Amino acid sequence: MNTKKRFLETAARALGAKPSRLTMRSTRAGVGGWDSLGHLKLFLALEREFGADFPANKIMRYKNLGQIYTDLVKKAR
Amino acid sequence: MIGWIGNTNLEPLKKPRAVAPFDQTMNELLNKRSSLYTRPLDAVALFLSAEDFLKDIAHEAPGRAKTAKAVSELRALLTAVGTYLKRRPGVPFLMNNLVLPPYRVTTDIPDDLERRLNDEIHAFRARHTGFLVLDWERLVRLRGYDALVSDKFAYLGRIRLTQAGFDALSDEAERLLRSHRGSGRKVLAVDADNVLWGGEIGEAGADGLLLSEEELGKAYRDLQKAMKALERTGVLLVLLSKNNEADVKRAFKHPMMVLGWKDFAAKRIDWQPKSENLAAVAEELGLGADAFVFIDDSPVERQRMRVSLPKVAVPEFPSDPSQLKRWFLTQVVYPHFARTALTAEDKARSRSYARRAVRSRAAQKLDTASFLRMLKMKLRVHVNDAPRAARAAQLTQRTNQFNLTTRRYDEAAVRRFMRSKDSLVLTLDYEDKFGKEGTVAAAIVKLKGASAVLDDFMLSCRVIGRRVEHAFMKEIEKALKERRVRTLRASFIPTARNAVASGFLAEAGFTRKSKNEHEKKIS
């Protein structure tokens, strides 16, 4: 499975959303389960799935999935 | 479903589970309108994060006063748990032991704060049946504090664990409940070549085997020692080997062997598919395939077993022999055979099944009646005998085959039935010329004036086929007659596994009243 698909599936599981409904442009306002708790569950899940570590001060600033994915890919390199 | 409470946000726990609002622990335990009382829960679990419970002193070298204060706060919490246990008996309650962070302001050897807190929890457990300690300390040791505990998510959302921490906690709670219910597995079926020793006996001969007290040969010897220790806890060992039996017997004479020929309750050494052999052994022992764990170094054999008998647990096998012991303990014993408590019957089980195998061979040569006479059975019934409460509860939990109603009770519930004047708990002890089997049957009868209801009636599969159940029923009727009971009502509730008991009530002289209901006049 490619990283992008794995990323979207992990995000969907954490947010309780259908993977097909998520895109890189999805924002907090557009996804039902993406409230403040959902936001943290998203990062818990991504850190578990990809072994990444997102700094606390950055976690609160992300606006959409694309921004998170860009940083995740940078960390993986 | 497990209902979780705690002093940290537990929302990221694996589903299905119920999670109460965090930091409401006392309210949840004591308020009868809280979710712990109003939701149907199979079990309750309390996760107490040491960091959030102790706050600043988790990282300090607290003096005597602060230590005493923390201990008394924990005691207050446990008192509330005790109140809940009293109000909701029979619901298992899980609580973790506490692990202090490995970071402190002093480099001095840590004081005894952690030990004193955990002593409180263990002392509480000793006084309360149904209270189980979830070994968080073991998980932290195994996986590492940094991997399981998070400061970041605690700051951002009062979430104290990482996702790995939550997943480990969920899995451990489920595993602990399984072992509490006694639904662990009973038999370890092992391959011989490259499991009990390194190399192939048919190729290398006994002298060529890797099995010794030093270097990698010791890895196989240590694995055998671990298997032997497991066998002593009541797990049966079965040998499944594709070899000539004479070769394997030669290997068992190797001076470095730990396991002996007789440590195996059954052996199948031939060229038949291992799944067929395992199924035959299961029948001989009177167990289902779901009681078995199968280990084999060959991925082909593992796959064939998984396909032919999907209920058998088939763990992966390590390619590096130096990992054998650790793999065996963490991947085989811990998930499949761990128990919360061992009873005398558990410890005697291996011997008992070995005797059963001897008995069933004897049975093949004789007709049933002469076989039963030959056994020279001695039966003894006890009524409301408190020392047998634990075993009676275990029988209600574990017996699937000869069980009329399959009602499960824990020890506390059985004790209540024993104490109540409205019910009787009867147990049956069994002995024959091969040895003592201990308590093999139990029944719970509810009394109401001149009539009584057989609430639960079960017989261990170790003694099925010896008409022991009829002798037990006669004793039950005798006990009821002494109490001036005239009618005994009983039901048979069919399940996927209790067909063996379906004809029993009719055979014992009960008249069928409706689909499952039966009745008998006691004279």
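Just above sits the structure.
Residues numbered from 1 in each chain as written. Chains lettered and ligands numbered in written order. Predicted model: local features only at pLDDT ≥ 70, side-chain atom pairs only at ≥ 80, totals over all residues. Heavy atoms only, no water.

A. Expanded view of the overall build of chain B. Each helix and strand counted, chain B has 21 helices and 17 strands in total. Looking at chain B residue by residue over its 523 residues, the buried ones come to 54%. In chain B, the share of contacts with a sequence separation of at least 24, taken over all contacts with a separation of at least 6, comes to 68%. Accessible surface, chain B as shown: approximately 24200 Å² in total, 50% of it carbon and sulfur. (Helix = DSSP H or I, 4+ residues; strand = E, 2+ residues; numbered from the N terminus. Buried < 20%, exposed > 50% of the residue type's maximum accessible area, 1.4 Å probe, protein only. Contact = heavy atoms within 4.5 Å. Areas by Shrake-Rupley, 256 points an atom, 1.4 Å probe, with all protein chains shown as cover.)

B. Layout of the environment of Glu 245 of chain B. All names here are of chain B. Within the secondary structure, Glu 245 sits in helix α12 (residues 245-252). The spacing of Glu 245 and Lys 267 is 22 residues in sequence and 9.6 Å in space, taken between C-alpha atoms. Excluding residues that lie within four positions of it along the chain, Glu 245 makes contacts with Trp 261 and Ile 269.

C. Broad picture of helix α5 (residues 113-127) of chain B. Residues and elements named next belong to chain B. Between its terminal C-alpha atoms α5 stretches 22 Å, which fits the 21 Å expected from 15 residues at 1.5 Å a residue. Those residues of α5 that sit buried are Leu 113, Leu 117, Asn 118, Glu 120, Ile 121 and Phe 124. The buried residues of α5 occupy an angular sector of 145 degrees when the element is viewed end-on, so they sit on one face. As for α5, its buried residues are in contact with α3 (50-54), α4 (64-87), β4 (93-96), β5 (131-134) and α6 (136-143). (Expected span 1.5 Å × (residues − 1). Arc of directions from axis to C-beta.)

D. Layout of the sheet that holds β4 of chain B. All names here are of chain B. Pairing in this open sheet of five strands is parallel, and the strands run β2-β1-β3-β4-β5 from one edge to the other. Taken across any chain shown, the strands that pair with only one partner, and hence form the sheet edges, are β2 (18-19) and β5. Direction of pairing for β4 relative to β5: parallel, over a ladder of four bridges. The residue bridging Met 95 from the neighbouring strand is Val 133, located in β5. Those strands touched by α5 are β4 and β5, and its axis lies near 150 degrees from that of β5. (Pairing = 2+ DSSP bridges. Axes fitted to C-alpha atoms, helices over the stretch in contact; angles between N-to-C directions.)

E. Region of interest: the sheet that holds strand β8 (residues 264-269) of chain B. Residue and element names in this part refer to chain B. Judged by pairing direction, the sheet is parallel, and its four strands sit side by side in the order β8-β7-β6-β9 without closing on themselves. Both edges of this open sheet fall to β8 and β9 (292-295), since each of them pairs with a single strand only. The average undirected angle you get between the axes of adjacent strands in this sheet is 20 degrees. In the sheet, strand β6 (residues 187-190) pairs with strand β7 (residues 236-241) via four bridges, with the strands oriented parallel. By the bridge assignment, Leu 188 is partnered in β7 with Leu 237.

F. Inspection of the pairing of strand β3 (residues 43-47) of chain B at higher detail. All names here are of chain B. For β3, a buried count of five out of five residues is recorded, marking the element as mostly surrounded by other parts of the structure. Going residue by residue along β3, you find Ala 43, Ala 45 and Phe 47 tucked away on one face and Val 44 and Leu 46 tucked away on the opposite face as well. Taken together, the five bridges between strand β1 (residues 2-6) and β3 define a ladder with parallel strand orientation. Paired with Gly 3 across the bridge in β3 is Val 44.

G. Local environment of α4 of chain B. Under the 1.5 Å per step criterion, the end-to-end length of α4 of chain B is 35 Å for 24 residues, consistent within 8% with the ideal 34 Å. Within α4 of chain B the residues assigned to the buried category are Thr 67, Ala 70, Val 71, Leu 74, Leu 77, Leu 78, Ala 80, Val 81, Gly 82, Tyr 84 and Leu 85 of chain B.

H. Quick peek at the pattern of salt bridges. Residue and element names in this part refer to chain B. Taken as a whole and assessed by the stated rule, the structure comprises 39 salt bridges over all chains. For Glu 477, the salt bridge is made with Lys 520, and the minimal N-O distance between the two is 2.8 Å. Note that Glu 477 is positioned in helix α20 (residues 468-482) and Lys 520 in strand β17 (residues 517-521), a separation of 43 residues in sequence. Grouping residues by exposure puts Glu 477 and Lys 520 together as buried. (Salt bridge = Lys/Arg side-chain N within 4 Å of Asp/Glu carboxyl O.)

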